[in-house]
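# Coordinate inspection notes
Below are the chains, spelled out letter by letter.
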Amino acid sequence: MSNLTREESKKRVWKVCGILAVVTAVEIAAALSHYKFFHESPKMLLNVLFIILSAAKAYYIMSEFMHLKYELKAMAVTILAPFLFLVWGIIAFLWEGNYWLSSKEFWDILR
Amino acid sequence: MEATAKPTAKELWDGGDSPFRVSYGKIMMWYFLISDTFTFAGLLISYGAIRTSHAKHDPTNIHSWPDPNEVFNSGPGFHHAPLIFVTFMTFTLILSSVTMVRAVQEGHNMNRQGVMKWMIFTIIGGLVFVLSQAWEWTHLIHEGMTPTTNPFGATSFGALFFLITGFHGFHVSVGVLLNSWALYATYKGVFEKRGHYEMIEKLGLYWHFVDLVWVYVFLAFYLF
């Protein structure tokens, strides 16, 4: 349970709402300006930015909206630790996808 | 050694003290959400693998991966405005998450009227989101994008789009139904009689999770 008073937690919710809205607006603005002005340049750097901003949004939703920040730390660790498996999943399957791509290129069946 | 441990005041989870100082129902909702996260992660990682195995966007190659700015560029009554409609959908979902938190807070205050008010806003937000998605699906199907055809590029894009946004939309719809039931129960005074509004908190966890998943669906389909 949080130690915040009713008024404080009310204010906090709208503050987090503002943060999420601003982050989303920044993402959209970045995506659109790339599309309009830098269409030819690679999107790699921008994608890294999107990953970081999405992680920030996930942090605020879980810690404030889902109240995880105010639960016992052990509980937060139990919930978050299994997601480490996803790091393996993402690396392994993107690696695999890349291999499929090079196979297709090799056999000239890229489509 | 004393063989029989005296059963002292039995409460919470019957062991005297609840693990993590949280109710059984709430921790079980969390565990359900962890498993659901892995389901969504499985879908999104498949998306990543299949996308990686396709040629990068190239207007001259119909089998290359489509550019989201070209696929998602319409809303009800407007065209050639990339990502604008999905921005509206995203804001709707964020706002409905906020109204859900407010409902939980009014539940802590045992304010039945307040809970009802904020639950109504949350349900409206959910409905607006699902209906927007229905509009977008209809529009894309008219444009010729289905699970098996895609005029914008790789066929897999359409298949994955309908699979993943469909699974997310299904979660939103279930959330709207559960929230409507909770609104009715609040109106009937079920939680007031029970002495706490924990049910609203559990539904809140589910609802925020749906919002959280959207962050990543949005990232995969609309931003990357």
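For the structure given in this document, a descriptive report is provided here. Numbering of residues starts from 1 in every chain and runs along the sequence as written. For this description, chains carry letters from A and ligands carry numbers from 1, given in the order in which they are written. At least 70 in pLDDT is required for a residue's local features to be given in this predicted model, at least 80 for side-chain atom pairs to be given and counted, and no such filter applies to totals for whole chains, interfaces and linings, which use all residues. Side-chain measures here rest on the full set of heavy atoms in the structure, leaving out hydrogens and waters.

### Let's talk about the overall build of chain B
Using the following cut-off: In this text, helices come from DSSP runs of H or I with a minimum length of four residues, and strands from runs of E with a minimum of two, each type numbered from the N-terminal end. We compute the radius of gyration over the C-alpha atoms and compare it with the globule rule, which gives 2.2 Å times the number of residues raised to the power 0.38. Each residue is assigned to one of three classes by its accessible area relative to the maximum for its type, calculated with a 1.4 Å probe on protein chains only: buried under 20%, partly exposed between the two thresholds, exposed over 50%.
Broken down by element type, chain B carries seven helices and zero strands. For 224 residues, the compact-globule formula gives about 17 Å, and the C-alpha radius of gyration of chain B, at 22 Å, lies well above that figure. The C-alpha extent of chain B, read off along each of the three principal axes, is 80 × 50 × 20 Å. The buried share of chain B, reckoned over its 224 residues, is 54%.

### Observations regarding the packing of helix α3 (residues 84–108) of chain B against helix α7 (residues 198–223) of chain B
Residue and element names in this part refer to chain B. Quick note on the threshold: Note on method: axes are straight lines fitted to C-alpha atoms, helices fitted across the in-contact stretch only, with angles between N-to-C directions ranging 0 to 180 degrees. Working rule for angles: under 35 degrees goes down as roughly parallel, over 145 as roughly antiparallel, 65 to 115 as roughly perpendicular, anything else as oblique. In this scheme the crossing of two helices becomes right-handed for a clockwise turn of the near helix relative to the far one and left-handed for an anticlockwise turn of less than a right angle. A contact between two residues is defined here by any heavy atoms of the two lying within 4.5 Å.
Running from N to C, α3 and α7 cross one another at 165 degrees; their axes reach a closest spacing of 10 Å. For the element pair α3 / α7, the angle class is roughly antiparallel. When the axes of α3 and α7 are compared, the crossing they make is left-handed. Note on element contacts: α7 touches α3 through I200, E201, L203, G204, W207, H208, V210, D211, W214, F218 and Y222, opposite V86, M89, T90, L93, I94, S96, S97, M100, V101, A103, V104 and H108.

### Some remarks on helix α3 (residues 73–80) of chain A
Applied cut-off: Note that the arc is computed from the directions linking the helix axis to the C-beta atoms.
Burial in α3(A) covers these residues: M75(A), A76(A) and I79(A). What you see down the axis of α3(A) is that its buried residues fit within an arc of 100 degrees, all on one side. Tucked into the core, α3(A) has its buried residues touching α1 (24–52) of chain B.

### Comments concerning the pattern of salt bridges
We count it as follows: For this document, the term salt bridge refers to a Lys or Arg side-chain nitrogen within 4 Å of an Asp or Glu carboxyl oxygen.
Counting across every chain of the model gives seven salt bridges over all chains. Linking E106(B) and R102(B) is a salt bridge whose minimum nitrogen-to-oxygen distance equals 2.9 Å. A residue pair is termed a helical-turn pair when its members lie 3 or 4 positions apart in one helix, as E106(B) and R102(B) do in helix α3 at four residues. Under the relative-accessibility criterion, R102(B) is labelled buried at 5%. Connected through shared salt-bridge partners, R12(A), E64(A) and K69(A) make up one network.

Honestly, it's all geometry; don't read function into it.
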